[in-house]
Amino acid sequence: MDEKVIEIKYLDPNMPKLEKVGGKKSDWIDLRSAEEVHLRAGQFKLVGLGVCMKIPDGYEALLAPRSSTFKHYNVIQTNSVGVVDETYCGPDDEWKLPVYALKDAVIPKYDRICQFRIIEHQPEISFKEVDEMSGVNRGGFGHTGSK
């Protein structure tokens, strides 16, 4: 498997550089707030992440909050998961995290608030209508138990 290269421009020379967490096999890469953010409960903001990137052709990035983002900052990502395609790569195309504050919140500058990974675009697909499904019935949504 050949390594994919992501071109990156840091919009702040003091922004800590991106790095894979846990070594070479890490799937997700943390991104940081490029500004100190103060929000009141119920406010929305696009939080700048301080980077512009050009991901490889044929790929897209998934952007999601870190598991501790709500716990530490009382914000949720408004679109649950963001998608950045390879065409969003101009000099003013800063990556941003859309957040909504459920309580008053402060996000310090350079704190890690979200993460991303790249995936290949979905292959060409088609749909085949059938009268019956051939798989084993699992009982429907929410029936696999809680333990």
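Please read all numbers here as calculations on a predicted model, not as lab measurements. (Residues numbered from 1 in each chain as written. Predicted model: local features only at pLDDT ≥ 70, side-chain atom pairs only at ≥ 80, totals over all residues. Heavy atoms only, no water.)

*Asks:* Tell me what's going on with the overall build of the chain, and back it up with residues and numbers.
*Replies:* For the chain, the helix and strand inventory stands at one helix and eleven strands. Element order for the chain, N to C, with α for helix and β for strand: β-β-β-β-β-β-α-β-β-β-β-β. Whereas a compact globule of 147 residues would reach a radius of gyration of roughly 15 Å, the chain reaches 19 Å, over 25% beyond that. Along the first, second and third principal axes, the C-alpha atoms of the chain reach 60 × 40 × 30 Å. Across the 147 residues in the chain, those meeting the buried criterion constitute 32%. Sequence separation of 24 or more characterises 75% of the internal contacts of the chain that already satisfy a separation of 6 or more. With an accessible surface of roughly 10500 Å², the chain has 51% of that area assigned to carbon and sulfur atoms. The distance from the centre of the 20 positive side-chain charges to the centre of the 23 negative ones in the chain is 9 Å. (Helix = DSSP H or I, 4+ residues; strand = E, 2+ residues; numbered from the N terminus. Rg over C-alpha atoms; globule rule 2.2 N^0.38 Å. Buried < 20%, exposed > 50% of the residue type's maximum accessible area, 1.4 Å probe, protein only. Contact = heavy atoms within 4.5 Å. Areas by Shrake-Rupley, 256 points an atom, 1.4 Å probe, with all protein chains shown as cover. Lys, Arg positive; Asp, Glu negative; His and termini not counted. Charge placed at Lys NZ, Arg CZ, Asp CG, Glu CD.)

*Asks:* Describe unusual backbone geometry, and please don't skip the residues or the numbers.
*Replies:* In terms of backbone geometry, most residues other than glycine have negative phi values and most peptide bonds are trans. A positive phi angle is found at serine 80, which is not glycine, with a value near 65 degrees. Within the secondary structure layout, serine 80 lies in the loop between β7 (75-77) and β8 (82-85). Positive phi outside glycine occurs at tyrosine 110, with the angle close to 75 degrees. Inspection of the secondary structure puts tyrosine 110 in the loop between β10 (105-107) and β11 (112-120).

*Asks:* I'd love a proper account of the sheet that holds strand β9 (residues 96-101), names of residues and values included.
*Replies:* Strand order in the open sheet made by the three strands is β4-β9-β7, with antiparallel pairing throughout. The two strands at the open ends of the sheet, each matched to only one other strand, are β4 (44-48) and β7. When the angles between neighbouring strand axes are averaged without regard to direction, this sheet yields 40 degrees. Two elements, β7 and β9, share three bridges in a ladder whose sense is antiparallel. Paired with isoleucine 76 across the two strands is tyrosine 100, which belongs to β9. (Pairing = 2+ DSSP bridges. Axes fitted to C-alpha atoms, helices over the stretch in contact; angles between N-to-C directions.)

*Asks:* Give me the lowdown on the environment of arginine 66, citing residues and values where you can.
*Replies:* Note on placement: arginine 66 falls in the loop between β6 (59-65) and α1 (69-73). Measuring from C-alpha to C-alpha, the distance between arginine 66 and tryptophan 28 comes to 9.6 Å, with 38 residues separating the pair along the chain. In this view, arginine 66 contacts Asp30, Arg112, Ile113, Cys114 and Gln115; residues no more than four positions away in its chain are not counted.

*Asks:* I'd like to hear about a nonpolar patch on the surface, residue by residue, with values.
*Replies:* On the surface, a cluster of nonpolar side chains totalling about 530 Å² of accessible area is made up of Phe44, Leu46, Phe70, Ile76, Tyr100 and Leu102. The exposure class assigned to phenylalanine 70 is partly exposed, which follows from its relative accessible area of 39%. (Patch = residues over 30% accessible without salt bridge, like charges linked within 9 Å, V, L, I, M, F, W, Y side chains within 5 Å. Salt bridge = Lys/Arg side-chain N within 4 Å of Asp/Glu carboxyl O.)

*Asks:* Report on the pairing of β6, specifying residues and quantitative values.
*Replies:* Look at any regular strand and the pattern is simple: side chains alternate between the two faces of the sheet. With six of its seven residues buried, β6 lies for the most part within the structure. The pairing of β6 with β8 spans four bridges and is antiparallel. Pairing of glutamate 60 across the sheet is with aspartate 85, part of β8.

*Asks:* Describe the sheet that holds β8, listing the residues and the values that go with them.
*Replies:* Here four strands make up an open sheet; going across it, the order is β2-β11-β6-β8 and the pairing antiparallel. With one partner strand each, in any of the chains shown, β2 (29-32) and β8 form the two edges of the open sheet. Mean inter-strand twist for the sheet, computed between neighbouring axes without regard to direction, equals 35 degrees. With seven bridges joining them, β6 and β11 adopt antiparallel strand pairing. Note that in β11 the partner of proline 65 across the bridge is cysteine 114.

Note that every value here comes from positions in space, so none of it alone points to a role or purpose.
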